[in-house]
Amino acid sequence: MHDSGSPRKTLTSETAHMLPLAALLCGNIALAFGPWFVRLADVGPVAAGFWRIALAAPLLVILAFATSRRPFASARGLWLLIAFGGIAFAADLASWHLGILRTTLANATLFGNSATLMFPIYGFLVARAWPTRSQGFALLLAAAGAALLLGRSYEMSPKHLAGDLLCLIAGTLYTVYFILMARVRSAMAPIPALALSTLASALPLLVAAWVLNETIWPEKWGVLIGLALASQVLGQGLMIYAIGHLSPLVVGIALLTQPIVAGTVGWFAYGERLGVPDFIGAALVAAALVLVRAGGPRVASPAQEPKSA
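Keep in mind the model is a prediction, meaning the values are calculated, not measured. (Residues numbered from 1 in each chain as written. Predicted model: local features only at pLDDT ≥ 70, side-chain atom pairs only at ≥ 80, totals over all residues. Heavy atoms only, no water.)

J.: Got a minute to help me understand the packing of helix H4 (residues 79-100) against helix H9 (residues 190-211) in this structure?
T.: For any two helices packed against each other, the geometry is given by the interaxial angle and the distance between the axes. Following both chains from N to C, one finds H4 and H9 inclined at 50°, their axes separated by 7 Å at the closest point. Between H4 and H9, the interaxial angle falls into the category oblique. Seen from above, H4 lies across H9 with right-handed handedness. Taking contact as the criterion, the partners of Trp79, Ile82, Ala83, Gly86, Ile87, Phe89, Ala90, Leu93 and Ala94 in H4 are, on H9, Leu196, Ser197, Ala200, Ser201, Pro204 and Leu205. Its residues placed into classes, the contact of H4 with H9 shows twelve nonpolar, three polar and no charged. (Axes fitted to C-alpha atoms, helices over the stretch in contact; angles between N-to-C directions. Helix = DSSP H or I, 4+ residues; strand = E, 2+ residues; numbered from the N terminus. Parallel < 35°, antiparallel > 145°, perpendicular 65-115°, else oblique. Left-handed = near helix turned anticlockwise from the far one by under 90°. Contact = heavy atoms within 4.5 Å. Nonpolar A, V, L, I, M, F, W, Y, C, P; charged D, E, K, R; others polar.)

Below, the structure written as structure tokens:
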């Protein structure tokens, strides 16, 4: 006798594991275009963050109702987490967008994704386990890749120090957002969860832009629409989906794909040519992603996929 169903089950299992990883990588690629859109916008950097949220929110709410009759029913008891998640994300965007205009594109993207190390550490604390040998090696590869990705653009000068610090603060707030939304995802499907956190981010960003006396009303909408669709709807949508399926270690290392893509955008848009260290760093990040998916037991995600997703 033979089990005729085994190949199909194996294929289904492989697909189920690869889909979240593909979503994670595609989400990071979409998010990597964010700094470029911020620089092109004709409003202030924090105001650009507000429009990213405000333009995306209605579409996300519509998508939430399109995927479920009662998309927000499971939010009961989670409102505080969602509110704090939205505020953390608003503070992250405000700090990051201010930093983007004060440092290099590579520095802004790398420091803004310092959750690369913070989120995996949180994951190991939640699991109450040390990383396996292969996971530890993957983290070392990712750290080496991160250092090389700074390449020739890295400048610890007074000119860029303020921007670097703002982006580092943004990366810390991004980690807080990930932690809170991972808990929300334990009870909610990705689109409704993202829709609610997006709505919670809008008012804090608008108030911050007004306090900073920024230009809020744009003359050219195309860039802001692109920012909203690429970063908030596609990028954050795929990321929120992925963190419900993947361990913090995988999510954290995958964040390093953003500086790779952003560096490529900078090459074509601003003539910031990539050097050999950049390509070696990209290769190390890719190797870390392969290693962390192939070896060692999976570190439990703080969120488990809800049955309705």
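J.: It is not clear to me how the environment of Ser186 should be interpreted in this structure. Could you clarify?
T.: Residue position: Ser186 is located in the loop between helix H8 (158-184) and H9. A C-alpha to C-alpha distance of 10.0 Å links Ser186 and Ile243, two positions 57 residues apart in sequence. A distance of 2.5 Å separates a polar side-chain atom of Ser186 from the backbone oxygen of Arg183. (Polar contact = N/O pair within 3.5 Å; in protein donor to acceptor, adjacent residues only side chain to side chain.)

J.: Is there a simple way to explain helix H12 (residues 257-270) in this structure?
T.: Along an α-helix, a turn takes 3.6 residues, which lines up residues three or four apart on a common side. Helix length check: H12, at 14 residues, gives a terminal C-alpha distance of 19 Å against a target of 20 Å (1.5 Å per residue), a fit within 8%. Within H12 the residues assigned to the buried category are Thr257, Gln258, Pro259, Val261, Ala262, Gly263, Val265 and Gly266. Directly after H12, the chain includes Gly271, whose backbone phi takes a positive value near 70°. (Expected span 1.5 Å × (residues − 1). Buried < 20%, exposed > 50% of the residue type's maximum accessible area, 1.4 Å probe, protein only.)

J.: So what exactly am I meant to see when it comes to the environment of Val38 here?
T.: With respect to the helices, strands and loops of the structure, Val38 is situated in helix H2 (residues 34-40). The class for Val38 is buried, based on a relative accessible area of 3%. Between the C-alpha atoms of Val38 and His97, which are 59 residues apart in sequence, the distance is 7.0 Å. Sequence-distant contacts of Val38, defined by excluding residues within four places in its chain, comprise Pro45, His97, Ile100 and Leu227.

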